[in-house]
Amino acid sequence: MIKTFSRTLAVLLAVTSLIAGPAATADAGTGAEPPRAKVKVSLDGLVTAGAATAASVRLQEPGQDWAAAAGVRDLESRRAADADGYFRIGSVTKTFVATVLLQLSDERRLRLDDPIERHLPGVVPNGGHITVRQLLNHTSGLHDYMSEPGYSTNRWRGADRFRSYTPAHLLKVAFGEQPDFRPGESWRYSNTNYIVAGLLIEKLTGRPYGEEIRRRILRPLRLTQTIVPGTRPGLPGPHAHGYATLPTGQVVDVTRMDPSLDWAAGEMISTTRDLNRFFDALLTGKLTSARALDAMRTAVATGVGFRYGLGLQEYTLPCGRSLWGHSGELIGYMTFAFRSDDGRRLALSVNPHTRKPSQEEMFALAGAFYCTG
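Here we summarise the structure given alongside this text.

Conventions and cut-offs
Residues numbered from 1 in each chain as written. Predicted model: local features only at pLDDT ≥ 70, side-chain atom pairs only at ≥ 80, totals over all residues. Heavy atoms only, no water. Axes fitted to C-alpha atoms, helices over the stretch in contact; angles between N-to-C directions. Helix = DSSP H or I, 4+ residues; strand = E, 2+ residues; numbered from the N terminus. Parallel < 35°, antiparallel > 145°, perpendicular 65-115°, else oblique. Left-handed = near helix turned anticlockwise from the far one by under 90°. Contact = heavy atoms within 4.5 Å. Nonpolar A, V, L, I, M, F, W, Y, C, P; charged D, E, K, R; others polar. Buried < 20%, exposed > 50% of the residue type's maximum accessible area, 1.4 Å probe, protein only. Pairing = 2+ DSSP bridges. Salt bridge = Lys/Arg side-chain N within 4 Å of Asp/Glu carboxyl O. Expected span 1.5 Å × (residues − 1). Core = buried A, V, L, I, M, F, W, Y, C linked by side-chain atoms within 4.5 Å. Phe/Tyr/Trp six-rings, centres within 6.5 Å; stacked < 30°, edge-to-face > 60°.

1. Looking at the packing of helix α6 (residues 167–175) against helix α7 (residues 192–205)
Alright, step 1. With their axes 10 Å apart at the nearest point, α6 and α7 run at an angle of 140° to one another. Taken together, the axes of α6 and α7 lie oblique to each other. Here the hand of the crossing between α6 and α7 comes out left-handed. Residue-level contacts link P167, L170, L171, A174 and F175 of α6 to T192, I195, V196 and L199 of α7.
Alright, step 2. Broken down by class, the residue content of the contact of α6 with α7 amounts to eight nonpolar, one polar and no charged.

Right, dumping it as structure tokens:
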């Protein structure tokens, strides 16, 4: 999901460091085949160069929709990858969780500046000084449990990848270490924040956080290809397999895993179609009040190339246009889903192979989708 988040960031910066150029749009009647062909060549190039076993992308503008895939679903059957296939979205899960909490704020069931202790008494050390807002924008200082050995789903864990975890176990690992800083004094990406956020949803609603996501987001938007898997290890078909290369050089299939180690910080599964639909609805005010959306888009500096709001990343491109969305990474899967305020959407899934995609390769693929027109 996000585990080695800096690695995801390095690629994402490449995707978003675009210069002006021809737009890769989609309508069959617009004569846009050359941009489509260029994107397809870039996708194929990732596979040819060993940077991906499979990759899929969907580019959308108002009234226009185009998707493509490259590579194979798995290295044994060699069946072609499907542009509409499922994949693990990792930390993009955080945006769904944050959206539910903002909806609860709209319903006056909590305030963003409420201390966590008010709603989850005795759960979080120093919870009387950590607010809901600080959880959602990663300024709480809570230590990231995934930084501890054996607790990152971005690394090969052998048979442990089928082990189930409870949120209480994950928090015990996190709180076994000192906070990284005092609440509100700095910024550091921590998956622990969203484990607490998931528990907060459950306390306020009396239902599992995943059921609230289904009830409040998936069903109303008809996101029929988006799943909160719980402890189920597989993905629906079609899907591309995820792979990892071990230090010995052995390539292992990492597709199946119990995602409860990620829980509300990154367990979800989706498709490029559903992710584009979700971010379009969220960022056009269809899921929260205008006040809540403004709060989500109030971003803090991170010092790592983007700003972070409440479950949203903001990138400012060289052309001055901002993108809002989220990235995700876990072993075998990388995801990017973003929208600009003019309605352009990009959702990209990559299954890394013997190496991860380079900045140059991602640059070639993304082209100048956002910085034209």
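2. Re the pairing of strand β1 (residues 54–61)
Alright, step 1. Judged by how many residues are buried, β1 sits mostly within the fold: eight of eight residues are covered.
Alright, step 2. Burial along β1 is two-sided: the face carrying A54, S56, R58 and Q60 and the face carrying A55, V57, L59 and E61 are both buried.
Alright, step 3. Examined bridge by bridge, β1 and strand β2 (residues 64–71) share eight bridges and lie antiparallel to one another. Opposite S56, over in β2, you have A69 as the bridge partner.
Alright, step 4. Here β1 folds back onto β2 in antiparallel fashion, the turn holding two residues, of which G63 has a positive phi close to 80°.
Alright, step 5. Alignment of β1 against strand β12 (residues 345–351), held across seven bridges, turns out to be antiparallel.

3. So, the pattern of salt bridges
Pairing is possible between side chains of opposite charge, provided their charged atoms come close.
Alright, step 1. Summed over the entire model, instances satisfying the criterion amount to 25 salt bridges.
Alright, step 2. Residue D74 pairs with R79 through a salt bridge whose shortest N-O separation is 3.8 Å.
Alright, step 3. Residue D74 is classed as buried on the basis of its relative accessible area, which comes to 9%.
Alright, step 4. Salt-bridge contacts for R344 lead to D342; the nearest nitrogen and oxygen are separated by 3.3 Å.
Alright, step 5. When its relative accessible area of 7% is taken as the criterion, R344 is described as buried.
Alright, step 6. Looking at D342, the relative accessible area reads 34%, which means it is partly exposed.
Alright, step 7. Ionic contacts of the salt-bridge type, sharing partners, join the residues E107, R109, R207, E212, R215 and R216 into one network.

4. Topic: the environment of T53
Alright, step 1. Among the structural elements, T53 can be located in the loop between α2 (33–48) and β1.
Alright, step 2. In sequence terms T53 and T354 are 301 residues apart; their C-alpha atoms lie 8.8 Å from each other.
Alright, step 3. Leave out the neighbours within four places in its chain, and T53 touches V47, A70, G71, V72, L75, H241, Y243, N351, P352 and H353.

5. Overview of the sheet that holds strand β7 (residues 300–301)
Alright, step 1. Judged by pairing direction, the sheet is antiparallel, and its eight strands sit side by side in the order β2-β1-β12-β11-β10-β9-β8-β7 without closing on themselves. Looking at the sheet topology across the chains shown, the edges are occupied by β2 and β7.
Alright, step 2. Pairing between strand β8 (residues 307–308) and strand β9 (residues 313–316): two bridges, direction antiparallel. Among the inter-strand pairings, R307 is bridged to a residue of β9, identified as E314.

6. Some points on helix α3 (residues 93–106)
Alright, step 1. Under the 1.5 Å per step criterion, the end-to-end length of α3 is 20 Å for 14 residues, consistent within 8% with the ideal 20 Å.
Alright, step 2. Across the 14 residues that make up α3, a large majority, 13, are buried.
Alright, step 3. Where α3 terminates, the next one or two residues include R108, which has phi positive at roughly 65°.

7. Comments concerning the nonpolar core
Alright, step 1. Counting residues in hydrophobic clusters, the biggest one holds 97 residues, and the most contacted among them are F96, I116, L136, Y145, I213, I217 and F278.
Alright, step 2. For this core, the element with the highest residue contribution is α7, accounting for eight residues.
Alright, step 3. In this structure F278 touches T95, F96, T99, I217, L221, L223 and L287, once residues within four positions along its chain are discounted.

8. Some details on α7
Alright, step 1. A rise of 1.5 Å per residue sets the reference length of α7, with its 14 residues, at 20 Å; its end C-alpha atoms lie 20 Å apart and thus fit the reference within 8%.
Alright, step 2. The secondary structure elements touched by the buried residues of α7 are α3, α4 (116–119), α5 (132–136), α6, α8 (209–221) and β8.
Alright, step 3. Backbone geometry just downstream of α7 places G206 in the positive-phi region, at approximately 75°.

9. Focus on the packing of aromatic side chains
Alright, step 1. Within the structure shown, the criterion is met by eleven aromatic pairs.
Alright, step 2. Ring geometry for F306 and Y315: centres 5.3 Å apart, planes at 45°, overall tilted. Each member of the pair, F306 together with Y315, is buried.
Alright, step 3. Each member of the aromatic cluster is reached from another via a ring pair, and the members are W187, Y189, F306, Y308, Y315 and F338.

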